[in-house]
Amino acid sequence: MEEIRERDIPFILKKSEKDKPQKEITSTGEKVLRGIAYVLLTIGAVTMLIPFIWMVMTSLKSPAEAVAMPPVWWPSVLRFENYARAFEVAPFGRYFLNSVLITSLSTLGELITTILAAFAFARLNFYGKNILFTILIATMMVPSELLIIPNYLTISNFGLINTYSAMIVPYLASVFSVFMLKQNFESVPNELYYAAKVDGSSDWNFLWRIMVPLSKSAIVAVTILKIIGSWNAFMWPLIVTNDRLLRPLPVGLQAFTTEAGTQFELLMAASTIVVAPMIIIYLFLQRYIIMGVSKAGIKG
Amino acid sequence: MQVKFQDVTMSYGDKNVLNNIDFEIPEGKLVSILGPSGCGKSTTLMLISGLTFPSGGKIFFGDEEVTKSDAVKRKVGMVFQNYALYPHLSVLENIMFPLKMEKRPKKERERRALELARLVQIEEHIHKKPKQLSGGQQQRVAIARALAKEPSILLMDEPLSNLDARLRIEMREEIRRIQQETGVTTVFVTHDQEEALSISDEVMVLNDGAIQQYSDPITLYKKPDNLFVAKFLGTPVINEIKVTRDSLIQNRLPIPEALKEDITTIGLRAEDIIVTSVPEEALFTGIVSHVARVGKDTTVHVVNGDAECVATDLAMIPQEGEDIYLTAAMEDIHFFNKQNDVIRMEATHA
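Remember, it's a predicted structure, so these values are computed and weren't measured experimentally.

Asker: Outline helix α10 (residues 190-198) of chain A, supporting the account with residue identities and numerical values.
Answerer: Helical geometry: 3.6 residues make up each α-helical turn, so side chains three or four residues apart lie on a common side. When α10 of chain A is considered as a whole, its buried residues turn out to be Leu192, Tyr193, Ala195, Ala196, Lys197 and Val198 of chain A. Along its buried surface, α10 of chain A packs onto α5 (92-123) and α11 (203-214) of chain A together with α1 (41-49), α2 (71-74) and β6 (76-79) of chain B. Among the residues trailing α10 of chain A, Gly200 of chain A stands out with phi positive, at a value near 95°.

Asker: Residue-level account of the domain arrangement of chain B, with values.
Answerer: Residues and elements named next belong to chain B. Domain assignment breaks chain B into domain 1 (3-231) and domain 2 (239-349). Measuring from the centre of the C-alpha atoms in domain 1 to the corresponding centre in domain 2 gives 39 Å. Each partner contributes residues to the interface: domain 1 has six residues there, and domain 2 has seven residues. Tallied by class, the residues present in the side of domain 1 that touches domain 2 amount to four nonpolar, one polar and one charged.

Asker: So what about the nonpolar core? Which residues, and what values?
Answerer: If you look at the biggest cluster of nonpolar residues, it comprises 116 residues, and the most contacted ones within it are Ala118 and Leu181 of chain A together with Ile95, Ala142, Ala144, Leu155 and Val187 of chain B. Each of domain 1 (3-231) and domain 2 (239-349) of chain B contributes no fewer than three residues to this core. Residues within four places of Ala144 of chain B in sequence aside, it is in contact with Ile95, Leu116, Ala117, Leu119, Val120 and Ile122 of chain B.

Asker: Provide a residue-level description of the environment of Met330 of chain B, including the pertinent values.
Answerer: Residue and element names in this part refer to chain B. On the secondary structure map, Met330 appears in the loop between β17 (323-327) and β18 (333-336). Separated by 75 residues in the primary sequence, Met330 and Ile255 place their C-alpha atoms 9.6 Å from one another. Among all residues touching Met330, those that are not within four sequence positions of it are Leu253 and Pro254.

Asker: Explain the packing of helix α9 (residues 175-186) of chain A against helix α12 (residues 216-232) of chain A to me, and be specific about the residues and the numbers.
Answerer: All names here are of chain A. α12 packs onto α9 with a crossing angle of 170° between their chain directions and a minimal axis gap of 10 Å. When the axes of α9 and α12 are compared, the pair comes out roughly antiparallel. Here α9 contributes Ser177, Met180, Leu181 and Asn184 to the contact with α12, which in turn contributes Ala218, Ile219, Val222 and Lys226. For the contact of α9 with α12, a count of residues per class yields five nonpolar, two polar and one charged.

Rules used in this analysis
- Residues numbered from 1 in each chain as written.
- Chains lettered and ligands numbered in written order.
- Predicted model: local features only at pLDDT ≥ 70, side-chain atom pairs only at ≥ 80, totals over all residues.
- Buried ≥ 20, exposed ≤ 12 C-beta atoms within 10 Å, placed from the backbone.
- Helix = DSSP H or I, 4+ residues; strand = E, 2+ residues; numbered from the N terminus.
- Contact = placed C-beta atoms within 7 Å.
- Domains from an automatic or database assignment.
- Nonpolar A, V, L, I, M, F, W, Y, C, P; charged D, E, K, R; others polar.
- Core = buried A, V, L, I, M, F, W, Y, C linked by C-beta atoms within 7 Å.
- Axes fitted to C-alpha atoms, helices over the stretch in contact; angles between N-to-C directions.
- Parallel < 35°, antiparallel > 145°, perpendicular 65-115°, else oblique.

Structure follows, in structure tokens:
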């Protein structure tokens, strides 16, 4: 199951602190508070980074070093060949392509459906709109684990078990993303909608030419959550696929866990490969994430 | 394009915002819709634009009925109070947007947008984003965008309310200039009577969803149809003096006996008031309570019990505490009946 958690959102949506003028630190009390804040932040950062560093270091160790007690931090020889070996043990190239395919199609599909749905809920008037939206929101309260079996049966009845569709189709829509985009779309002033109408724009044109560019940061946030969730999905692809060649990366990582034990150095090398694209995407998109929705041009 | 409303009613739920409105906006004119907030003036504008549709009645553009056509079909241009510029587009792209929607060729769009940028004197800012412009400049861009597709009619919803006082006067002259240069029929909504009187060919005064008076600014000021219009226009507010049949003044004024019964209120503009030494001629008698001098203007406040009368432009400035008799020339006095409608004397003179 892919994991999109509500609690991830506030951090991603937070505007850049750089936009605010830096406050002058005056009193000793404030200095102490700020010092404590930095200590806590540093502890947090280190805690988050250590497993990551451990993963990268272990991926370069020998099998003995990987399981050595006390732990070895720095391998005696950097064994980059672990990466090559990981690719020999399992068809990682294929897994990688599978992951890219599944992630990109389900992300693209979700963006299209959620943008359209959010627009309808935010701007259009139709019979039963509020009830429908309430029902959609209510589905968010159902734990995803509970849905594994019903979803499996549905997919199975459609005859989609062991296909790419099984991993893509169920994720072409997301209530949470609809909810988030709807809130954002509603913050776009009515006057812009009227202005666009008067300027001869249809609802469709208004959505793609005005609304979507103005909601760029929210859409990017939704996209990132989706990509991460989809890329890391493990449980669902494992359940609905039998064929090794259909599986995405996270499922493929199992190849290093055998009855004879786990080849940690190879597992970590493969994990690094799995994680790397996410880091690259994050670095590329973060400037959009911290960009607030621009409301300039609207006064009052 | 001439605009005609025929028996138009607009209601939201149980609430009637406009009641059976009839009017005609002549082609090529600048018409203001003036009224206090909640009078239905913005609703009227929305109805002209086609962004909302009336609950009853018909709307015509020229000879064509457009009651059911939406904003796109009516080809109106609109300027909003908060400008409503597209924040992510440059000034030029904003102006070109309506032309893009019409799928005009790119060259033509640019040529037209530059022409309009020149008209509204914004050409040195065309590559900036709206937030880099001042309020007045944003307003100019909004006007250019509204004019881009050569609209059948230009609608402006309180376009000057967000500007500071000095800029407001500058922009309202600009709007007048642009309207005259382009000759586009323009409807201008405002709650500011000075704004309406200064730039319009015709002013429509609205209150409680009904047209109070629709005429040129001078007539509106000189010959108000009712007490509401008389009080809404002019600073200071017109003096309202309650009278009864027995009042002395009615005996002294040349009013036909038949009408004396109906008159309950007379209205006197502050600048029409003259001081008289003959008590029998007085329309208002009282004590000078306060004399305020602001620059070249002197305002005299006269009180009598709860009643107050304000006079400006007096030939002689009285002393505070002085007893004073105020009157006005017969043609400057406005008479109202108990429904607050005006009673015209001219007709009865003849």
